[in-house]
Amino acid sequence: MVSRVIPVDDFDLVIFGATGDLAHRKILPGLFRRFTAGQIPASSQIIGAARTDQDDDAFRAEAAKAIREYAGAAEDDPQLAEFLALLGYVPIDAKGEGGWQELKSRMRPGAVHAFYFSVAPSLFGDIAERLAGHGIADDDSRIVVEKPFGRDLASARALNATLAQHFTEQQIYRIDHYLGKETVQNLMAVRFANVLFEPLWNAQYVDHVQITVAETVGVAGRGSYYDKSGAIRDMVQNHMMQLLCLIAMEPPYHFDPDAVRDEKLKVIRALEPLEPADIVRGQYQGEGSDYLTDAGDADSRTESYVAMKVRISNWRWQGTPFYLRTGKKLRARTSEIAITFKEPPHSIFDDSGHPKANELVIRLQPNEGMNLKVMIKEPGPGGMRLVQVPLDMSFADALGPEGADMPDAYERLIMDVIRGNQTLFMRGDEVEAAWAWTDPIIKSWEEGKRRPEPYDSGSSGPEEALRLMHRDNRRWREIRA
Ligand code: NAP
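Just so we're clear, the structure is a prediction, and the values are computed from it rather than from any experiment.

Some words on the side chain of Arg233
Its place among the elements puts Arg233 in helix α9 (residues 230-248). Given a relative accessible area of 12%, Arg233 falls into the buried group. With near-sequence residues (within four places) excluded, Arg233 lies in contact with Arg151, Lys228, Asn238, Trp435, Ile442 and Glu446.

Here it is, written out as structure tokens:
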């Protein structure tokens, strides 16, 4: 199945922080791939901006190196040469006044104007102010801002207020790259384009939900940076909250940015405050792979793992817990959502044991797909014996190689910015609501004296997290790739 490519309108995209890691690894390679897919008009411009003093050609050489490394372009790829012709560069210090008029002179009237803030959040205000002050951005321009969007409710509010001085909410695209993942969007398709699941998607039929985002990497190399945030700020407040919302939200009346985001916001507002007994924090340990060493602070109480039991206080989910866990240095790299349904209320098969509960697992990575566990009769003579089997679908198998060759989250999201579609971006009130729920959890931890529970690198996480489930007579799914 070949995915359709619909070209976007002619655009001028300015990347602030174009010499940085994110631009090199994700933004420029992503744009190159969209160009080779035929989605970017050849008249478009991509203008890099940062303090590094260099000209267009030097930036093109820098971009070519990054694209070869991260998009696998061949040395003599003719499409790479064509793509590089779209690139330009203007040296700009976000805090200074030089370069802005040069940037303005390069922007073409009539093209879509987008400004990607791939810089530290402390520079967002400076850039927004100068774009508006120098008359570079107008009412139709879009700005793209990166995570982290604040580190608590107060800083997120301040950031929103700063951006709101110069841009309307409709112009602001807050990236959570999880929302750009193909399978994350598939959550909405599975729920709202099939009649099969939605009638069962509630506390009457769903026993519990597990959301797991497990990583095998640690924080070595960026330990001092990570140590200031931890798993709750880095993963739960944004990515896992978004997954939870897409699973738990009511059907929006239309697949429209504000309709979808209104429903997500209602879920966040319905989250019950977390009790201390419902959360477990962990830190990985082990020979040569130790969080405290990687963080460079032997006393650090920052968590590299968190597991929590979350309750949603509304009609649909009253009594159905959502268990969330995420961590570094775990047994395997995997992201999945598992919906465990309730057991059938009555078994007619007296001798064959009680039928097991159905389970729907949506794998986000690796090997994106879905797995529905159903009960069938074990084949062969010998009476009626029940066995649970998986109805397993890998999207790569079902959709063929082209279906598996899906755009990276950044590619999709940048194209959505150019199209002016905000559905997959977080709205300011959503971000604030998520911080309003996580703030007390972080505060009570910071005020307490407890240390995170140690867990062995390469394990499934701390023992305490197992107990979080066992006390409810449930078990975590095994973490495996
Ligand atoms: P980085 O490698 O440190 O790059 C920062 C960029 O900002 C560089 O291009 C730097 O270039 C530019 N810069 C710094 N000070 C500036 C100033 N005063 N005026 C203009 N430009 C300035 O950071 P990064 O990893 O690319 O991250 C960029 C943003 O994305 C951050 O907000 C980060 O949290 C977020 N993010 C990054 C990743 C990732 O995988 N890297 C993932 C998610 C979110 P010059 O030194 O030439 O000025």
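A closer look at the site of the ligand
Taken together, 22 residues form the shell around the ligand, and within it Thr19, Asp21, Arg25, Arg51 and Thr52 come nearest. Between Gly17 and the ligand, the recorded distance is 3.2 Å, taken from a backbone N or O atom to an oxygen atom. Between the ligand and Thr19 there is a distance of 2.7 Å, counted from an oxygen atom to a side-chain nitrogen or oxygen. Out of a free accessible area of 880 Å², the ligand has 74% covered by protein chains. A breakdown of the residues in the shell around the ligand according to their chemical character gives 11 nonpolar, five polar and six charged.

Some details on the sheet that holds strand β14 (residues 386-394)
Judged by pairing direction, the sheet is mixed, and its nine strands sit side by side in the order β14-β13-β12-β11-β7-β10-β9-β8-β15 without closing on themselves. Every other strand in the sheet has two partners, leaving β14 and β15 (453-456) as the edge strands with one partner each. Strand after strand, the sheet turns through a mean of 20° between neighbouring axes, direction not considered. Each of β8 (279-285) and β9 (305-310) is contacted by helix α14 (residues 428-447), which is oriented at about 60° to β8, the strand it contacts most.

Looking at the pattern of salt bridges
Per the stated rule, a full pass over the model turns up 44 salt bridges. The residue Glu378 makes a salt bridge to Arg385 at a minimum N-O spacing of 3.3 Å. A residue is classified by how much of its surface remains accessible, and Arg385, at 32% relative accessible area, is partly exposed. Beyond isolated ion pairs, a larger network of salt bridges with shared partners links Asp258, Arg261, Asp262, Arg427 and Asp429.

Focus on the UniProt feature "binding site: NADP(+)" (unreviewed entry) in the chain
If you check UniProt for "binding site: NADP(+)" (unreviewed entry), the listed places come out as Arg51 and Lys147 in our numbering. Along the chain, the position of Arg51 falls in the loop between β2 (45-50) and α2 (56-71). Judged by its relative accessible area of 67%, Arg51 is exposed. Among all residues touching Arg51, those that are not within four sequence positions of it are Tyr89, Pro91, Ile92 and Asp93.

Side note on α9
The first and last C-alpha atoms of α9 sit 25 Å apart over 19 residues, in line with the 27 Å expected at 1.5 Å per residue. Helix geometry: α9 is bent most strongly at Val236, by close to 50°. The element α9 is extensively covered by neighbouring structure, given that 19 of its 19 residues are classed as buried.

Concerning the UniProt feature "domain: Glucose-6-phosphate dehydrogenase NAD-binding" (unreviewed entry) in the chain
If you check UniProt for "domain: Glucose-6-phosphate dehydrogenase NAD-binding" (unreviewed entry), the listed places come out as residues 14-186 in our numbering. Summarising residues 14-186: 42% helix, 16% strand, and an end-to-end C-alpha distance of 30 Å.

About the criteria used
Residues numbered from 1 in each chain as written. Predicted model: local features only at pLDDT ≥ 70, side-chain atom pairs only at ≥ 80, totals over all residues. Heavy atoms only, no water. Helix = DSSP H or I, 4+ residues; strand = E, 2+ residues; numbered from the N terminus. Buried < 20%, exposed > 50% of the residue type's maximum accessible area, 1.4 Å probe, protein only. Contact = heavy atoms within 4.5 Å. Near = heavy atom within 4 Å. Polar contact = N/O pair within 3.5 Å; in protein donor to acceptor, adjacent residues only side chain to side chain. Areas by Shrake-Rupley, 256 points an atom, 1.4 Å probe, with all protein chains shown as cover. Nonpolar A, V, L, I, M, F, W, Y, C, P; charged D, E, K, R; others polar. Pairing = 2+ DSSP bridges. Axes fitted to C-alpha atoms, helices over the stretch in contact; angles between N-to-C directions. Salt bridge = Lys/Arg side-chain N within 4 Å of Asp/Glu carboxyl O. UniProt positions renumbered as here; feature names shortened; annotations may be inferred. Expected span 1.5 Å × (residues − 1). Bend = angle between axes of the 7 residues up to and from the residue.

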